[in-house]
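Listed here are the chains, written in short residue letters.
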Amino acid sequence: MTKKLNHIFRLKYFFLILAAGLFSCEEDVREVYLYKKGELSATSTNTAVKAGETVTYTDSSTKVRAIKWTFQGGSPGASIEPNVEVKYTKGGSFTTTLEITFVDNTVQKKTFAVEVEAPAIPPIVIPADALKIYSENPDFTKTAPVLNWVSSNQFVIKEVATDGYEGAYRNFSLPATPPAAEAKWAMAILSFVNFTDISSYTHINMAVRTTSTGKIRFRMKDASNTGYVEFDATSNLYGLKRDGSWNMVKIPIADYKKQNAALDLTKIKDILVLRSVDPEDVRALNNYIFDIDHIYLSK
């Protein structure tokens, strides 16, 4: 009899627990939401600009873990910020790429096209009485003696056939790939083969293109004395701009003498010396590049 009662009690307990469980399930009903993936959304303010103008790119994607912009032909060339203002200094057709990594580690890309109108090239100056030093212009009346381009330290000097102020031009740059530059300073020289009298001229003129943020000295040297003019990255002294376009630079020769009165203009050997400025370390700049064309002396 006792066993039968225990069995009945167990059955009642089981049904009681089952009923309680069913009742609690009805009370604890929750809504379940399916996961919604992130969406890539980005805009640009313009698709066609003139050289020197900017385009602003904005990312408004959702559920983003990482952003990577790549700006072909622009400055900066890349960014990880959601909003970026990019300056274009050269003409051409360029592509901007946005790569989004979402929180679920999936990746999407979007591209933007931008057309940049090239800057107008200033008219080529043809002085009536000039000493041609480095130029393809056939209209100069005088030609300098034979010249040599010399990489004295660090600078790699090369002649580029096209896209110069007149056509071909000289490019001065530090090594961008191994072997890396070992010294903190750089220098390159344009030298007359024979000592040359430039005392009748008042200005040295040249077309320069650069975006370098480094200080630079343009020097002259006789047999033993050196005079120079120093340029920083912001003053645009004598027309030397850092905007990536060709600009004519006109430097009074008297300023070389002002820096060093001992400079003998009747016996110039090095007519143009590009020299970095101590204690600035050119290895830390990564943009120490200068294009030079159309060099002449004028009265």
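Structural data are supplied above this passage.
Throughout what follows, the structure given in this document is the object of discussion. (Residues numbered from 1 in each chain as written. Predicted model: local features only at pLDDT ≥ 70, side-chain atom pairs only at ≥ 80, totals over all residues. Heavy atoms only, no water.)

## So, the overall build of the protein
Scanning the protein for helices and strands turns up two helices and 21 strands. The buried share of the protein, reckoned over its 299 residues, is 38%. Long-range contacts, defined as pairs at least 24 residues apart, comprise 69% of the intrachain contacts of the protein with a sequence gap of at least 6. Carbon together with sulfur atoms contributes 55% to the accessible area of the protein, which is approximately 16,900 Å² in total. (Helix = DSSP H or I, 4+ residues; strand = E, 2+ residues; numbered from the N terminus. Buried < 20%, exposed > 50% of the residue type's maximum accessible area, 1.4 Å probe, protein only. Contact = heavy atoms within 4.5 Å. Areas by Shrake-Rupley, 256 points an atom, 1.4 Å probe, with all protein chains shown as cover.)

## A look at the pattern of salt bridges
Applying the stated criterion across every chain, the model contains 10 salt bridges. In this structure, R170 and E159 form a salt bridge, with 3.6 Å as the shortest nitrogen-oxygen distance. On the criterion of sequence distance, the pair formed by R170 in strand β14 (residues 169-173) and E159 in strand β13 (residues 156-160) is long-range, its members being 11 residues apart. Across the salt bridge formed by D278 and R275, the nearest N and O atoms sit 3.4 Å from each other. R275 sits in the buried class, given a relative accessible area of 13%. Among the charged side chains, a network of salt bridges with common partners joins D129, K142 and K299. (Salt bridge = Lys/Arg side-chain N within 4 Å of Asp/Glu carboxyl O.)

## Section: the packing of aromatic side chains
Under the definition given, this model contains 16 aromatic pairs. Here the guanidinium or amino end of R209 rests over the ring plane of Y169, the centre of that ring lying 5.1 Å away. One residue, K269, lies across the ring of F195, its end atom 5.5 Å from the ring centre. (Phe/Tyr/Trp six-rings, centres within 6.5 Å; stacked < 30°, edge-to-face > 60°. Lys NZ or Arg CZ within 6 Å of the ring centre and 35° of its normal.)

Limitation: the analysis is restricted to geometry and does not speak to function.
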